[in-house]
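Architecture and fold: a report
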Amino acid sequence: MAFSSSISSSLCKLSSQNAHSPEYNSNKIFNSRCGPFSSLHQFPICKMGYGCQWGRRKSLSTPFISASLMDVSLDKSTEKVQLPKGDIWSVHKFGGTCVGTSERIKNVAEIIVGDDSERKLVVVSAMSKVTDMMYDLIYKAQSRDDSYLSAVDNVLEKHILTAQDLLDEDDLDIFSSRLHHDINEIKEMLRAIYIAGHATELFSDIIVGHGELWSAQMLSSVVRKKGVDCQWMDTRDVLIVNPTSPNQVDPDFVESEMRLKKWFSQSPSKTIVATGFIASTPQNIPTTLKRDGSDFSAAIMGALFRAGQVTIWTDVDGVYSADPKKVADAVILNKLSYQEAWEMSYFGANVLHPRTIIPVMQYDIPIVIRNILNLSAPGTMICRPSIDENEGSQHLDSPVKGFATIDNVALVNVEGTGMAGVPGTASAIFSAVKDVGANVIMISQASSEHSVCFAVPEKEVEAVAEALQSRFRQALDAGRLSQVAVVPNCSILATVGQKMASTPGVSASLFSALAKANVNIRAIAQGCSEYNITVVVKREDCIKALKAVHSRFYLSRTTIAMGIVGPGLIGGTLLDQLRDQAAVLKEDFNIDLRVMGITGSNTMLLSDSGIDLSRWRELVKEEGEAADMQKFVNRVHGNHFIPNTVLVDCTADSNVASHYYEWLRKGIHVITPNKKANSGPLDQYLKLRALQRQSYTHYFYEATVGAGLPIISTLRGLLETGDKILRIEGIFSGTLSYIFNNFKGTRSFSEVVSEAKQAGYTEPDPRDDLSGTDVARKVIILARESGLKLELSDTPVQSLVPEPLRAAASAEEFMQQLPRYDKDMAKQLQDAEDAGEVLRYVGVVDVINQKGLVELRRYKKDHPFAQLSGSDNIIAFTTARYKNQPLIVRGPGAGAQVTAAGIFSDVLRLASYLGAPS
């Protein structure tokens, strides 16, 4: 009441002051009765805090109230000039950033002058940050914070300095006078708010709307300086809106069009600068179009003028396929339909407010989003799609235009068997939601009618849940409803595209991409128009999900976060290959492999954006920290900006292999040449493979058997196409292949082993190769791939290490003692040569008899196994199809380069599975 009384007394005082003014007209301001402030809404024409149109009308002496330029009667007899309409008009809207400084206002004037349209209407916002500054004034005043006075002076100074840089002396004097007048009015209004401790919506709208008046004045003066006939428009005199809620108004197009004709008859011009954001009610009370109102103003004006185009100038190049802050590779969309833009903006994309699109749709007026800081960018056009586009002439375009997200939402699930077939249940649910003023963002219901699920802003979910519990208390107690459940910490991901309706498989691709990124979907919604598919996911998975689906529809690279375990000979070679191929993969194949971590047994290197592989060895030394496997995995996998993670184990460590199951459960893909997991205890292997088969997480291990040779993939191809494996036999060890390819003539066995060790073919201790255990592991891996359930201990292995030397203390001692046993090997070699045969160390998988073995065998010199050279491997598959002549795979089976290449091939196969183009 204190506020109402203070305002009423002020108005009474102003009334008495103006009664003696020759410019005072009680019929145009208000009747002489002074009552409570609420009676102000009864006045037919009343605009508080705004002067008349500057330079074209005398100002009133009252500090609060001035008459409207437009007579409410809108007497058409005064019209002298007809309002031209149609494509001759182009509408431009410049936001606060575009007119944020004097230099930018000059740039805007250049754009206006440079537009060769016959007629132009320009809608401007307040200067950058000014609207926020005005709201801050109100907040400080109603909080009784005296600093609001200095804050008003800051607003004054900002505009005076800008005007001094833009305007000639005469224009500057006029502008400065009006600006000081308005500032004094604002101070008086803020003083009233300060006393009352409260600001009405009317006073707030009056105060915050000044910024647009000031920027429109300055811009029109600058345009006139360039020799262009230009008028400015106070859109309160033209735009009439009906408030429908505290945050929304509906334009009255009929009344606005009448007022526009009246305004134009009095102020005809080919270039008009109009204020955005502000308007009037049918009772001529100042109001605003709420947030994003300037865009709305431009769209309404475009509709009123039937303009050829509405251009919205911003500081971005157009509408992105996804939020570029979340998806670095988001692209600018050249064209969107009205419906696509509507859907994307509803779900939070930085396009336009959905209501902005409504006025222009009626007249098929295209909207173009352009960047004032990059005039060379064509921007994004929002329009009705052509017939050719609807019929799919551009069928190579992605059916999905873009993606948008809404964070901080919660799911509410109302569930119970008593809901099925009961009319009015949904009505009761959403009536209760409406009563608490909550906004329902998305609704999902199964055809069984057993439950209704919907999403609301998280800040409103508590009130919604309480309202539903109260509304359905009886049904809950009786068991007709089982629960009203809340799922917090959710985000909504919307996939938008008008062509989705005519393109089969879009949903499958979408859900597959999410599954492969290990993202669980909590709820799904899709309208029959199929313009968007909406899913609800965990908030922590939102960015990962966004990047995964964006990549799937070829709008960005397939990005994979990699962690390399074991940067030794194999791992180091792989890192060098990744370094050399990274640019080609990005440019030609849209694959972005980012190594986020490298760990050895003692030191690890971590990065949040990707390690510079051109100097990874130096970085490990300079920036490495103590190795910690749990921390390593969490950091590599914890980057939600990258949807997919793979850990590459380049060790031969059984302890590292023991982590595979845990990694796969977390959604981390695993690639390895480490044989320990697949040849280890059978129960652990079966558990690992079962997890792999039931999830979308991949486990690749091609390099475990043949280094870079396609042994595993060949075997799988045979099995998947229905062939039956009978026998697999091969030389699986590159080391032993080299030894027996060179063990001939008069050469001793120990001499050849020493040569192989010096050439780097053997392990540091050659007994690791000669024992045959490595070959046995490969046999077990292939046997299990063929369906045999064998343990490593089930496979007989012929060791080439003399029994007395198996306990030798060191590799050096073993090599020193080995020549003493050359005679045994020499005799076997001689016997083979006498029979026209060669010695070969082989592994065998006998599927028919369900066994495996590893031994030294003799083969005729015309046998394929006898034709090898160097360290080549050879594997023969005898199957039902390849029975008479086995299928043979042959090539290098040892060496860091080929092994690393085999791992690299698995990485690229993973990228293909995750959505990279083939």
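Note that the structure is predicted; figures quoted are calculated from it, not measured. (Residues numbered from 1 in each chain as written. Predicted model: local features only at pLDDT ≥ 70, side-chain atom pairs only at ≥ 80, totals over all residues. Heavy atoms only, no water.)

A closer look at the packing of aromatic side chains
Scanning all chains against the criterion turns up 15 aromatic pairs. With 5.8 Å between their ring centres and 10° between their planes, Phe94 and Trp313 make a pair best called stacked. Taken together, the residues span a long stretch of sequence, with Phe94 in strand β3 (residues 89-94) and Trp313 in strand β11 (residues 309-314) at a distance of 219 residues. Centre to centre, the rings of Phe743 and Phe749 are 5.5 Å apart; their planes meet at 70°, and the pair counts as edge-to-face. You'll find Phe743 and Phe749 in the same group, each marked buried. The rings of Tyr660, Trp663, Tyr699 and Tyr701 are connected pair by pair, giving a single aromatic cluster. Above the plane of the ring of Phe472 lies Arg471, whose end atom (NZ or CZ) is 5.1 Å from the centre. When the ring centre of Tyr661 is taken as reference, the NZ or CZ atom of Lys687 above it lies at 4.4 Å. (Phe/Tyr/Trp six-rings, centres within 6.5 Å; stacked < 30°, edge-to-face > 60°. Helix = DSSP H or I, 4+ residues; strand = E, 2+ residues; numbered from the N terminus. Buried < 20%, exposed > 50% of the residue type's maximum accessible area, 1.4 Å probe, protein only. Lys NZ or Arg CZ within 6 Å of the ring centre and 35° of its normal.)

Regarding the nonpolar core
Ile728, Ile739, Phe740, Leu770 and Leu782 are the most contacted members of the largest nonpolar core, which totals 70 residues. For this core, the element with the most residues is helix α31 (residues 773-785), which contributes seven residues. Beyond its immediate chain neighbours, meaning those up to four positions away, Ile728 contacts Leu715, Leu782, Ser786, Gly843, Val844, Val845, Ile875, Ala876 and Phe877. If you look at the next biggest cluster of nonpolar residues, it comprises 59 residues, including Leu121, Ala279, Phe296 and Leu304. (Core = buried A, V, L, I, M, F, W, Y, C linked by side-chain atoms within 4.5 Å. Contact = heavy atoms within 4.5 Å.)

Regarding the sheet that holds strand β5 (residues 231-233)
On the basis of which strands lie adjacent, the open sheet formed by eight strands has the order β5-β8-β4-β3-β11-β13-β14-β12 and mixed pairing. Each of the sheet's edge strands pairs with one partner strand only, and the pair in question is β5 and β12 (335-337). This sheet shows a mean twist of 20° between the axes of neighbouring strands, independent of strand direction. Bridge analysis of β11 against strand β13 (residues 367-371) gives five bridges, and the strand direction is parallel. The partner of Thr314 across the bridge, within β13, is Asn371. Contacts from helix α10 (residues 293-305) reach β3, β4 (119-124), β5, β8 (271-275) and β11 within the one sheet, and its direction differs from that of β4 by about 160°. Seen against the sheet, helix α11 (residues 338-346) touches β12 and β14 (380-383) and runs at an angle of roughly 90° to β12. (Pairing = 2+ DSSP bridges. Axes fitted to C-alpha atoms, helices over the stretch in contact; angles between N-to-C directions.)

Overview of the side chain of Ser90
The residue Ser90 is located in strand β3 in this model. Taking the relative accessible area as the measure of exposure, Ser90 reaches 9% and is therefore buried. Beyond its immediate stretch of four places on either side in the chain, Ser90 contacts Asp115, Ser117, Arg119, Lys120, Leu121 and Gln309.

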